Amino acid sequence: MKNKFAYNYSRLFKFILAIWFICWAAIFFVNVFRLASVLGFYTRDTVQEITCVAVSVIALAVWICLITMKYKVTDKIALKFGPFDLTRGKFLVEKMIKIVQSSKDDALYINLYVGEEARIAIININPKHFDAFAECVRSKNGKVLVDKADIEK
């Protein structure tokens with residue numbers, strides 16, 4: 001059973017990510033070419049080029065983490081940003097009460113207890129994966145209710 005669900009970005013954010021990749025990849029290659037003195041490029045300041053290469057590698061690593069960001073359902077629901085869990089392990093499946101699919105804004109919400117406090121969190125995945133997500137959570141905790149409703153913000 002599938003237990004990983006890709007984070008769903010808007011078209012605008014996907015466009016911004018594409019521009020980000022193009023810009024930082026260009027910075028990386030131009031500075032590598034300068035350091036290597038190839039294709040008519042020459043180095044002006046070695047420290048500057050090395051710094052630009054290092055910063056572009058970090059920016060591209062963040063880009064990779066962003067495009068591969070996903071929800072992973074185990075005994076908890078983790079929002080994985082590379083090796084990091086952005087939810088910090090607080091969304092335990094055993095503490096979940098309900099999964100609600102909003103028909104108004106085509107979003108998925110979970111109702112659960114974090115500590116002793118009831119919370120509502122949005123799960124930002126592609127709408128075609130809502131049922132698979134709910135089925136995955138229910139396989140871990142059969143007490144979780146699944147509902148479709150109009151949710152007002």
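What you see as residue numbers is a count from 1 along each chain, following the sequence as written. With the structure being a predicted model, the display of local features is reserved for residues of pLDDT at least 70 and the display and counting of side-chain atom pairs for 80 or more, all residues being used for whole-chain, interface and lining totals. The basis for the side-chain values is all heavy atoms of the structure; hydrogens and waters are excluded.

**What to know about the environment of Val30**
Here is step 1: Mapped onto the elements, Val30 comes out in helix 1 (residues 11–36).
Here is step 2: Note on Val30: relative accessible area 29%, which makes it partly exposed. Numbering of helices and strands runs from the N terminus, with a helix taken as a DSSP run of H or I at least four residues long and a strand as a DSSP run of E at least two residues long. In this scheme, a residue with accessible area under 20% of its type's maximum is buried, one over 50% is exposed, and one in between is partly exposed, where area comes from a 1.4 Å probe on protein chains only.

**With respect to the packing of aromatic side chains**
Here is step 1: Only centres within 6.5 Å qualify two rings of Phe, Tyr or Trp (six-membered ring in Trp) as a pair; their planes then separate them into stacked at under 30 degrees, edge-to-face at over 60, and tilted for everything else. Following the criterion strictly, the structure yields seven aromatic pairs and no others.
Here is step 2: Taken together, a centroid distance of 4.5 Å and an interplanar angle of 35° make the contact between Phe21 and Trp63 tilted. Separated by 42 residues along the polypeptide, Phe21 in helix 1 and Trp63 in helix 2 (residues 46–67) bring together distant segments of the chain.
Here is step 3: Judged by relative accessible area, which is 34%, Phe21 ranks as partly exposed.
Here is step 4: Residue classification places Trp63 among the buried positions, given a relative accessible area of 16%.
Here is step 5: Taken together, the ring pairs connect Tyr7, Tyr9, Phe13 and Tyr71 into an aromatic cluster.

**Examining unusual backbone geometry**
Here is step 1: The phi angle at Ser37 is positive, at roughly 55°, despite the residue not being glycine.
Here is step 2: In this structure, Ser37 sits in the loop between helix 1 and helix 2.
Here is step 3: On the basis of relative accessibility, which here comes to 46%, the residue Ser37 falls in the partly exposed class.
Here is step 4: Residue Arg88 is not a glycine yet carries a positive backbone phi of 55°.
Here is step 5: When you line up the elements, Arg88 lands in the loop between strand 4 (84–85) and strand 5 (96–102).

**Points about a nonpolar patch on the surface**
Here is step 1: Judged by side-chain polarity, Leu12, Phe15, Ile16, Ile19, Phe21 and Ile22 come together as a nonpolar surface patch covering roughly 590 Å² of accessible area.
Here is step 2: Looking at the element boundaries, Ile19 is found in helix 1. Patches here are clusters of residues that have more than 30% relative accessible area and form no salt bridge, with a 9 Å joining cutoff for like charges and a 5 Å cutoff for nonpolar side chains (Val, Leu, Ile, Met, Phe, Trp, Tyr). In these tables, accessible area is a Shrake-Rupley quantity obtained with a 1.4 Å probe, and a residue counts as shielded only by the protein chains included in the view. Within this document, salt bridges are pairs made up of a side-chain nitrogen of Lys or Arg and a carboxyl oxygen of Asp or Glu, the two lying within 4 Å of each other.

**Details of the sheet that holds strand 6 (residues 107–114)**
Here is step 1: At least two bridges found by DSSP between two strands are what make those strands a pair. The four strands lie next to each other as 7-6-5-8, forming an open sheet whose pairing is mixed. Pairing within the sheet leaves two strands with one partner each, and these edge strands are strand 7 (117–123) and strand 8 (145–149). Taken pair by pair, the neighbouring strands of this sheet meet at an average axis angle of 25°, ignoring direction.
Here is step 2: With six bridges joining them, strand 5 and strand 6 adopt antiparallel strand pairing. If you follow Ser102 over to strand 6, its bridge partner there is Ala107.
Here is step 3: Working rule for contacts: check all heavy atoms of both residues, and any pair within 4.5 Å makes them a contact. Helix axes are fitted to C-alpha atoms over the stretch in contact, other axes to C-alpha atoms as well, and angles between N-to-C directions run from 0 to 180 degrees. Together, strand 5, strand 6, strand 7 and strand 8 form the strand contacts of helix 3 (residues 130–140), whose direction differs from that of strand 5 by roughly 170°.

Note that all results are geometric; they support no functional claim without further evidence.
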